[in-house]
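Overview (structure and organization)
Given next are the chains, with one letter for each unit.
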Amino acid sequence: MSNKKKFFPESELIINSDGSCFHLHLRPEQLADRVILVGDPARVDTVAAHFDSRECEVSSREFHTITGTYKGKRITCQSHGIGCDNIDIVINELDTLANIDYNTRMEKPQHRTLTMVRIGTCGGLQPETPTGCFVASVKSLGLDGLLNYYARRNEVCDLQLEEAFKKHMNWDPVKGSPYVAIADPELTNQIAGDDMVRGYTISCGGFYGPQGRVLRADIADPKQNEKIEAFEYDGLKICNFEMESSAVAGMAALLGHRATTCCMVIANRYTTEMNTDYKNSIDKLILKVLERI
């Protein structure tokens, strides 16, 4: 990022009349340095049920926020809804709360680094990712195209892995170029410990066709999932499908933050199994992250 401090006009940095950011409706003082990201707004309550205390709660659309403390650690739990487009909103607005003075609209002289861990659900793609297991995303292949709209995307992506994946898939350029975002290695080790499967994650731009599901609309590449399951690079395979981790890792890296994603497998596409009662067991993953963040 440039060393020159910027001024942000009203059309770019939209601040609500109460001094909060446009979509999240959070004020700067309500944001902790540690942030847990979840898709489902109701899961914020599940996470916050473990807090020792709460200091604020804000809801706007799919964006639900609770900031409190867990064993002496101040933590913000923030929901983001579904999809990388929502992550673009959430990560950018969290960064403004941390690194822009809302009174002067100037970039702050000292950068504040946030630590962000997304807790999600996903579909497993390998025999070693059965339903119920936890997967830590070392690198995420974004098929949504979000990071391609930003300058410096090449600086935070694994370009060799991108090319290997496109060659393996015989990638159709009409879909746009995939990008490979790298989760913060130190944070990933901290969160994954020795009890999570580590591998690559694919973040898709949709739940049905982009993940190879066929209902009434046929998909362009019927062998897509077979090729994805067979892909291996630098000793790791693609472990799972989900819809946000590439944007979380990529946007965080562009803005100077630390981020990683860990998911519980609720469906295994390889074995065609599905666990619809996952909400009863994801609390185990939540507790691991609360202890380790």
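Everything discussed here concerns the structure shown above.
What this report covers is the structure whose coordinates are included nearby. These figures come from a predicted structure and were not determined experimentally.

Parameters and conventions
Residue positions are given per chain, counted from 1 along the sequence in the order it is written. With pLDDT at 70 or above as the cut-off, local features in this predicted model cover only qualifying residues; side-chain atom pairs require 80 or more to be listed or tallied, and sums for whole chains, interfaces and linings still use all residues. Just so you know, side-chain values use all the structure's heavy atoms and leave hydrogens and water out. A simple rule labels every residue: compare its accessible area, found with a 1.4 Å probe on the protein chains alone, to the largest value its type can have, and call it buried under 20%, exposed over 50%, or partly exposed in between. Every helix listed is a DSSP run of H or I at least four residues long, and every strand listed is a run of E at least two residues long, numbered separately from the N terminus. Read the arc as the range of directions from the helix axis to the C-beta atoms. The contact criterion used throughout is that any non-hydrogen atoms of two residues lie within 4.5 Å. What qualifies as a polar contact is a pair of N or O atoms within 3.5 Å, subject to a donor-acceptor requirement within protein and to the restriction that residues adjacent in sequence count only when both atoms come from side chains. Interaxial angles span 0 to 180 degrees and are taken between N-to-C directions of axes, which are lines fitted to C-alpha atoms, for helices over the stretch in contact. Throughout this description, any angle smaller than 35 degrees is read as roughly parallel, any larger than 145 degrees as roughly antiparallel, any in the 65 to 115 degree range as roughly perpendicular, and the remainder as oblique. The sense of a crossing depends on the near helix, which, turned anticlockwise from the far helix by less than a right angle, makes the crossing left-handed and, turned clockwise, makes it right-handed. Just so you know the grouping, Ala, Val, Leu, Ile, Met, Phe, Trp, Tyr, Cys and Pro go in nonpolar, Asp, Glu, Lys and Arg go in charged, and all remaining residues, Gly too, go in polar. Two strands qualify as a pair provided that DSSP identifies no fewer than 2 bridges between them. Here, nonpolar core means buried Ala, Val, Leu, Ile, Met, Phe, Trp, Tyr and Cys residues that are tied together by side-chain atoms lying within 4.5 Å of each other. Think of it this way: a Phe, Tyr or Trp ring, Trp meaning its six-membered ring, pairs with another when their centres are within 6.5 Å, and the plane angle makes it stacked under 30 degrees, edge-to-face over 60, tilted otherwise.

Description of helix 4 (residues 185-192)
Among the residues of helix 4, Leu187, Thr188, Ile191 and Ala192 are the ones counted as buried. Looking straight down helix 4, one finds its buried side chains confined to an arc of 120 degrees; they lie on one side. In helix 4, those exposed residues whose orientation departs by more than 90 degrees from the buried face are Pro185 and Glu186. Those residues of helix 4 that are buried are in contact with strand 7 (115-124), strand 8 (134-142), strand 10 (197-203), strand 13 (258-268) and helix 7 (283-292). At the N-terminal boundary of helix 4, the capping side chain belongs to Asp184, with an oxygen 3.3 Å from the backbone nitrogen of Glu186. Among the residues trailing helix 4, Gly193 stands out with phi positive, at a value near 55 degrees.

A word on the packing of helix 2 (residues 84-99) against helix 6 (residues 245-254)
Two numbers describe how helix 2 lies on helix 6: the axes approach to 9 Å, and their chain directions differ by 30 degrees. Relative to helix 6, helix 2 is oriented roughly parallel. For the crossing formed where helix 2 meets helix 6, the hand is right-handed. Residues Cys84, Ile87, Asp88, Ile91 and Asn92 of helix 2 pack against Ser246, Ala247, Val248, Met251 and Ala252 of helix 6. Within the contact of helix 2 with helix 6, the residues separate by chemical class into seven nonpolar, two polar and one charged.

Describing the pairing of strand 3 (residues 63-70)
Within a regular beta strand, the side chains point alternately toward one face of the sheet and then the other, so they alternate between its two faces. Burial runs high along strand 3: seven of the eight residues are buried. Note: strand 2 (residues 53-60) against strand 3, seven bridges, orientation antiparallel. Looking at strand 3, one finds that Ser60 is bridged to Phe63. Where strand 2 folds back on strand 3, the antiparallel hairpin that results is connected by two residues, among which Arg61 adopts a positive phi of roughly 55 degrees. In this sheet, strand 4 (residues 73-79) lies alongside strand 3 in antiparallel orientation, the contact comprising six bridges. Each bridged residue has a counterpart across the sheet, and for Gly68 the counterpart in strand 4 is Ile75. Connecting the antiparallel pair strand 3 and strand 4 is a turn made up of two residues, with Lys71 showing a positive phi of about 50 degrees.

Describing the nonpolar core
Membership of the largest hydrophobic core comes to 35 residues, with the highest contact counts inside it found for Leu37, Leu94, Met116 and Tyr179. When residues of this core are traced back to their parent elements, those giving at least two are strand 1 (34-38), helix 2, strand 9 (179-182) and helix 6. For this core, the element with the highest residue contribution is helix 2, accounting for seven residues. If you look at the next biggest cluster of nonpolar residues, it comprises 27 residues, including Ile36, Val47, Ile75 and Met264.

Re the side chain of His64
One can find His64 in strand 3. What makes His64 buried here is its relative accessible area of 7%. At a separation of 2.8 Å, a polar atom in the side chain of His64 contacts the side chain of Glu57. Excluding residues within four positions of it along the chain, His64 makes contact with Pro41, Val44, Asp45, Glu57, Val58, Ser59, Cys77, Gln78 and Ser79.

Brief notes about the packing of aromatic side chains
Counting across every chain of the model gives three aromatic pairs. Look at Phe165 and Trp171: their rings are 5.9 Å apart centre to centre, the planes differ by 45 degrees, and that puts the pair in the tilted class. Take Phe165: its relative accessible area is 0%, and that puts it in the buried class. Using a relative accessible area of 16% as the deciding quantity, one classes Trp171 as buried. The interplanar angle of 80 degrees and the centroid separation of 4.9 Å between the aromatic rings of Phe207 and Tyr208 together place this pair among those described as edge-to-face. On the basis of relative accessible area, Tyr208 is assigned to the partly exposed category, the value being 46%. Among the aromatic residues, ring-to-ring pairing joins Phe165, Trp171 and Phe231 into one connected group.

Let's talk about the packing of helix 1 (residues 41-48) against helix 7
One can describe the packing of helix 1 onto helix 7 by two numbers: an axis separation of 10 Å at closest approach and a directional angle of 60 degrees. When the interaxial angle is binned, helix 1 and helix 7 end up oblique. Relative to helix 7, the crossing made by helix 1 is right-handed. Along its contact with helix 1, which presents Arg43, Thr46 and Val47, the element helix 7 presents Asp283, Ile286 and Leu290.

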